[in-house]
2 protein chains.
Amino acid sequence: MPNLKSKITLKDIARELEVSISTVSKALKNSEEISRDTKEKIQAFARLYNYKPNNIAISLKNKRTKNIGVVIPDIVHHFFTTVIRGIEKYANAKGYNVIVCLSEESFDKEVINMEMLANGSIDGFIMSLSSETQAKGDYNHLREVTEQGIPVVLFDRITNEVECDKVVIDDQLGGYLATKKLVGQGKKKIALITTDDYLSVSKARTEGYKKALLESNLPVDESRILKLPTMDMDENKIRKFFNSQEIDAVMCVNEIFAVFSMRVALEQGFKIPEEISFIGFTNGLLSKYANPSLTVVAQHGERMGEISAQMLIDKVESENEEETFQTKILEPTLVVRDSTIN
Amino acid sequence: MPNLKSKITLKDIARELEVSISTVSKALKNSEEISRDTKEKIQAFARLYNYKPNNIAISLKNKRTKNIGVVIPDIVHHFFTTVIRGIEKYANAKGYNVIVCLSEESFDKEVINMEMLANGSIDGFIMSLSSETQAKGDYNHLREVTEQGIPVVLFDRITNEVECDKVVIDDQLGGYLATKKLVGQGKKKIALITTDDYLSVSKARTEGYKKALLESNLPVDESRILKLPTMDMDENKIRKFFNSQEIDAVMCVNEIFAVFSMRVALEQGFKIPEEISFIGFTNGLLSKYANPSLTVVAQHGERMGEISAQMLIDKVESENEEETFQTKILEPTLVVRDSTIN
DNA sequence: TTGTATGCGTTATCAG
DNA sequence: CTGATAACGCATACAA
């Protein structure tokens, strides 16, 4: 009599019922080969002892793990969080599990994580590059993986140097839309607060910003562009920036920069949005609950996650070997709140 | 000659070098049994073709996956996010991967996710109960898993009805500290904004609130306690609440409630913190960047994650079968910002 | 020093 | 209809 507690295997059932393992296997799959009697007996027994096939054994046999590896720089950023949620949603519905690894913006960690997972643990990767990787421009770890035939989907922070499926929002358009919005409200001295431009997304957003200015016959004044480190924002730097410039609007490449600098501006006595308007990126909790609430370019992270997962799983499950990659570009949308005029 | 592209196995190496599989296996483990010559030859070949053992095969053999299953209600909440980060950090350092599953506050999803993972995919669970599970009080899925000998660590949203390791912060103490802080500032009409009290944490925080009031000889007035749904906060309800009561301080059981109701109060013309002070729970981005910035009871999510991971991995790797469970209680700390007087 | 056999849990092929 | 055998990739006890 098998123990009720521990997991039961086909072998256990076979032994108890004095049949062969293969008979049990077939019976549980309701195979036509097996007689009604035997099937019922075996199925009843399996149910009673709550038999569940061992995933690992099946993975070994099928060379399919039904696991997806997700490697992202950070999980505390709302955007990545929503992407994960989207991936989870789609993947789970398809019977896949999601293994999350954080690179914490480090190249080495990204490499280690990928290697760890690439040895059979997952069927494919969904990832967004760490800032260090983008700065370094070294994508060999990605190539190694794709060359092994492991499908990869890059999202948001991508590179053109690797051939694989990609999902991005049109960041340039986002920057453009945001800037145009400000221009449309009569703003003429529009500043930009961004990161160093090795980050592909910041770069694109900056391009959109410039494009909109040029198109509106406004000068692109480099002194109106402030670059901040991702992590430690220096309040004084922002304060000086606002003081030394005449500025009537600010576009920020993320919501943290926006909310933070908005507060600095308020402290300096500026009226938002009348004197200075603000627009950020990422439609997260911060934007929603900021005071004043923040107008943002929404990136639709959850949708991005779903699409990434879908592209990956399609590739994983597709039989054909044809190497055809696509890049999906999502449209950003403006969510207007109180940090801009009406 | 094996293909440079696809994964190479022991068998491939053995065939190429015309030795047996076990010789290869031993050689790559630098076994003393194998001659220097053979070892060098095999190791060189393995390096050349970038041999990496297949995780799945090793898992099947060792009955250890080196995967941890993390089942949480939500990933958009900052608190859970930080816990994941803590888990990741510790687990990765120990060579474990983290499989994240979201219950989205649903009992059924929680059960399905656990079953999915319990069939060999993971070595143990770290989880926080969904609100539905806590409301329902049904913990059979947890018991089934522990009875199979799979270690479980519950954190934050826990239950006494399951025997396993647990990690919590002292939520009652948190509520107590927050309320005491407000009392210490001369506040007498301290309101509470909370969720329905099937959530273990809200319940405990409420107890702490009441305890502090009683201890300070202040009446516990149930009409000063407002219960809101977790998701859709009704602005009007809060407005009415503030209007109908004389209130000089508010403790909220999370940061979203706090930031949101703070804004309502501001709109109604109240001065924060002079007329109404606010304290929330969870030291997240919202609190930090809110305007005014929010005083909170910090829950130390990252630490909680690390401890959970440590407890779980200890149990997973411990040989002995003795069933001894512990509950770690972390002390909450007050992070004072501008929503309270100095 | 090397190789053979066995097993981890499952499935699939083929023989009976 | 049922069962023996091989295979997935690896590790190891035991022979040689």
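Think of each chain on its own: its residues are numbered from 1, step by step along the sequence as written. The order in which chains are written sets their letters, starting at A; the order in which ligands are written sets their numbers, starting at 1. Only residues with pLDDT of at least 70 are given local features in this predicted model, and only at 80 or more are side-chain atom pairs given and counted; all residues enter the totals for whole chains, interfaces and linings. Derived side-chain values reflect all non-hydrogen atoms in the structure, with water molecules and hydrogen atoms excluded from consideration.

Novice: Any chance you could break down the packing of aromatic side chains for me, citing the residues and the numbers?
Specialist: Between the rings of Phe, Tyr and Trp (Trp by its six-membered ring), a pair exists once the centres lie within 6.5 Å; its type follows the angle of the planes, with under 30 degrees stacked, over 60 edge-to-face, and the other angles tilted. Evaluation of the coordinates by the stated rule reveals 16 aromatic pairs over all chains. Here A:Phe79 and A:Phe155 contribute two aromatic rings whose centre-to-centre distance is 6.5 Å and whose plane-to-plane angle is 55 degrees, an arrangement assigned as tilted. Of the two residues, A:Phe79 is situated in helix H5 (residues 78-93) and A:Phe155 in strand S4 (residues 152-155); the sequence distance between them amounts to 76 residues. On the accessibility criterion, A:Phe79 (7% relative accessible area) is buried. Per-residue accessibility, obtained with a 1.4 Å probe over protein chains only, is compared with the maximum for each type, and a residue is labelled buried under 20%, exposed over 50%, and partly exposed between these values. Here A:Phe155 falls in the buried class, since its relative accessible area comes to 0%. Where B:Phe242 meets B:Phe278, the ring centres are 6.1 Å apart and the plane angle is 80 degrees; that geometry is what we call edge-to-face. Here B:Phe242 is found in helix H11 (residues 235-244), whereas its partner B:Phe278 is found in strand S9 (residues 277-281), with 36 residues between them in sequence. Of the two residues examined, B:Phe242 and B:Phe278, each falls in the buried class. Both a distance and an angle decide whether a charge sits over a ring: NZ of Lys or CZ of Arg must be within 6 Å of the ring centre and within 35 degrees of the ring normal. Above the face of the A:Tyr176 ring, A:Lys211 is positioned so that its terminal group lies 4.9 Å from the ring centre. Numbering of helices and strands runs from the N terminus, with a helix taken as a DSSP run of H or I at least four residues long and a strand as a DSSP run of E at least two residues long.

Novice: For the relation of the copies chain B and chain A, give the residues involved together with the corresponding values.
Specialist: Mapping chain B onto chain A leaves a residual RMSD of 0.1 Å; the transformation is a rotation of 180 degrees accompanied by 0.0 Å of translation along its axis. The symmetry that links the two subunits is that of a two-fold axis. It is B:Ile99 whose C-alpha, among those of chain B, lies nearest the rotation axis, at 2.1 Å. Contacts are assigned to residue pairs that have any heavy atoms within 4.5 Å of one another. Most of the interface of chain B is mirrored in chain A, where 100% of its interface residues again form contacts. Here the copies were fitted onto each other by least squares, based on C-alpha atoms from residues at pLDDT of at least 70 in both.

Novice: Can you explain the interface of chain B and chain A? Please cite residues and give values.
Specialist: With 54 residues of chain B at the interface, the matching set in chain A holds 54 residues. In total, chain B and chain A occlude about 4900 Å² of area from one another, counting both sides; carbon and sulfur atoms represent 59% of this. Accessible area that two parts lose when put together, with a 1.4 Å probe and added across both, is what the buried area reports. Looking at the side of chain B facing chain A, the largest losses of area belong to B:Ile56, B:Asn119 and B:Tyr289, adding up to 15% of the total buried there. Any carboxyl oxygen of Asp or Glu within 4 Å of a side-chain nitrogen of Lys or Arg constitutes a salt bridge here. At the junction of chain B and chain A, the tally comes to two salt bridges. A:Asp74 is the salt-bridge partner of B:Arg85, the closest N and O atoms lying 3.9 Å from each other. Elements with a minimum of two residues in the side of chain B that touches chain A: helix H4 (55-62), helix H5 (78-93), strand S2 (97-102), helix H6 (107-118), helix H8 (140-147), helix H12 (255-267) and helix H13 (285-289) of chain B. Here the side of chain B that touches chain A gets seven residues from one element, more than from any other, and that element is H5(B). Residue type decides the class: Asp, Glu, Lys and Arg count as charged, Ala, Val, Leu, Ile, Met, Phe, Trp, Tyr, Cys and Pro as nonpolar, and the leftover types, Gly among them, as polar. Grouping the constituent residues of the side of chain B that touches chain A by class yields 25 nonpolar, 17 polar and twelve charged.

Novice: Give a description of the packing of H6(B) against H8(B) that names residues and reports values.
Specialist: Residues and elements named next belong to chain B. Only the stretch in contact is used when fitting a helix axis, every axis being a line fitted to C-alpha atoms; angles between N-to-C directions are given from 0 to 180 degrees. Where H6 contacts H8, the two axes come as close as 10 Å, and the packing angle between them is 15 degrees. With respect to each other, H6 and H8 are oriented roughly parallel. In terms of crossing hand, the pair formed by H6 and H8 is left-handed. Every residue of H8 that contacts H6 at Phe107, Glu110, Val111, Met114 and Ala118 is listed here: His141, Leu142 and Val145. Residues belonging to the contact of H6 with H8 are distributed by class as follows: six nonpolar, one polar and one charged. Put simply, angles under 35 degrees are roughly parallel, angles over 145 are roughly antiparallel, angles from 65 to 115 are roughly perpendicular, and the rest are oblique. Crossing handedness follows the turn of the near helix against the far one: under a right angle anticlockwise gives a left-handed crossing, and clockwise gives a right-handed one.

Novice: Just give me the short version of the sheet that holds strand S12 (residues 333-335) of chain B, but keep the residues and values in it.
Specialist: Residues and elements named next belong to chain B. In space, the six strands of this open sheet follow the order S7-S6-S8-S9-S10-S12, with mixed pairing throughout. The open sheet has two edge strands with one neighbour each: strand S7 (225-227) and S12. Across this sheet, the average inter-strand angle for adjacent strands is 20 degrees, counted without regard to direction. When DSSP locates at least two bridges between a pair of strands, those strands are taken to pair. In the sheet, S9 pairs with strand S10 (residues 295-298) via three bridges, with the strands oriented parallel. Looking across to S10, one finds that Gly280 is bridged to Val296.

Novice: Tell me what's going on with the protein's contact with DNA strand D, and back it up with residues and numbers.
Specialist: In this text, near means that some heavy atom of the residue lies within 4 Å of the molecule or strand in question. A:Thr23, A:Lys26, A:Lys63, B:Lys11 and B:Tyr51 are the nearest of the 25 residues found near DNA strand D. Each atom of DNA strand D within 4 Å of the protein was classed as base or backbone; sugar and phosphate made up 64%. In protein, a polar contact requires one atom able to donate a hydrogen and another able to accept it; more generally it is a pair of N or O atoms within 3.5 Å, and residues adjacent in sequence count only if both atoms are side-chain atoms. Note that a base nitrogen of DNA strand D is positioned 3.1 Å from one of the side-chain N or O atoms of A:Ser22. At a separation of 3.1 Å, a phosphate oxygen of DNA strand D approaches a polar backbone atom of B:Asn54. For the surface near DNA strand D, the secondary structure elements donating two or more residues are helix H2 (21-28) and helix H4 (55-62) of chain A together with helix H1 (10-17), helix H2 (21-28) and H4 of chain B. Here the surface near DNA strand D is composed, by residue class, of eight nonpolar, nine polar and eight charged.

Novice: Summarise the nonpolar core; cite the residues concerned and give the values.
Specialist: We call a set of buried residues a nonpolar core when its members are Ala, Val, Leu, Ile, Met, Phe, Trp, Tyr or Cys and they connect through side-chain atoms within 4.5 Å of each other. Counting 82 residues, the largest nonpolar core has A:Phe242, A:Val250, A:Phe278, B:Phe242, B:Val250 and B:Phe278 as the members making the most contacts within it. If we skip the residues at most four places from it in the chain, A:Val250 touches A:Leu182, A:Ala191, A:Ile193, A:Phe242, A:Ile276, A:Ser277, A:Phe278 and A:Ile279. Of all hydrophobic cores here, the second largest spans 58 residues; its members include A:Ile72, A:Tyr90, A:Val100 and B:Ile126.

Novice: Please set out the domain arrangement of chain A residue by residue, giving values where relevant.
Specialist: Residues and elements named next belong to chain A. Domains are outlined according to an automatic or database domain assignment. Domains assigned within chain A are domain 1 (10-53), domain 2 (60-168 + 301-329) and domain 3 (171-299). Put simply, the middle of domain 2 and the middle of domain 3, counted by C-alpha atoms, are 30 Å apart. Facing the eleven residues of domain 2 at the interface are 13 residues of domain 3. With both chains or domains summed, domain 2 and domain 3 bury close to 940 Å², and 59% of this area falls on carbon and sulfur atoms. Here domain 2 is connected to domain 3 by zero salt bridges. At the boundary of domain 2 with domain 3, the tally comes to two residue pairs in polar contact (both at pLDDT 80 or more). Listing elements by their share of the side of domain 2 that touches domain 3, those giving two or more residues are H5, helix H7 (131-136) and helix H14 (301-317).

Novice: Pulling in residues and values, what's your account of helix H1 (residues 10-17) of chain A?
Specialist: All names here are of chain A. Taken residue by residue, H1 has Asp12, Ile13, Ala14 and Leu17 as its buried positions. Along its buried surface, H1 packs onto H2 and helix H3 (36-48). Once H1 ends, the next one or two residues include Glu18, with phi positive near 55 degrees.

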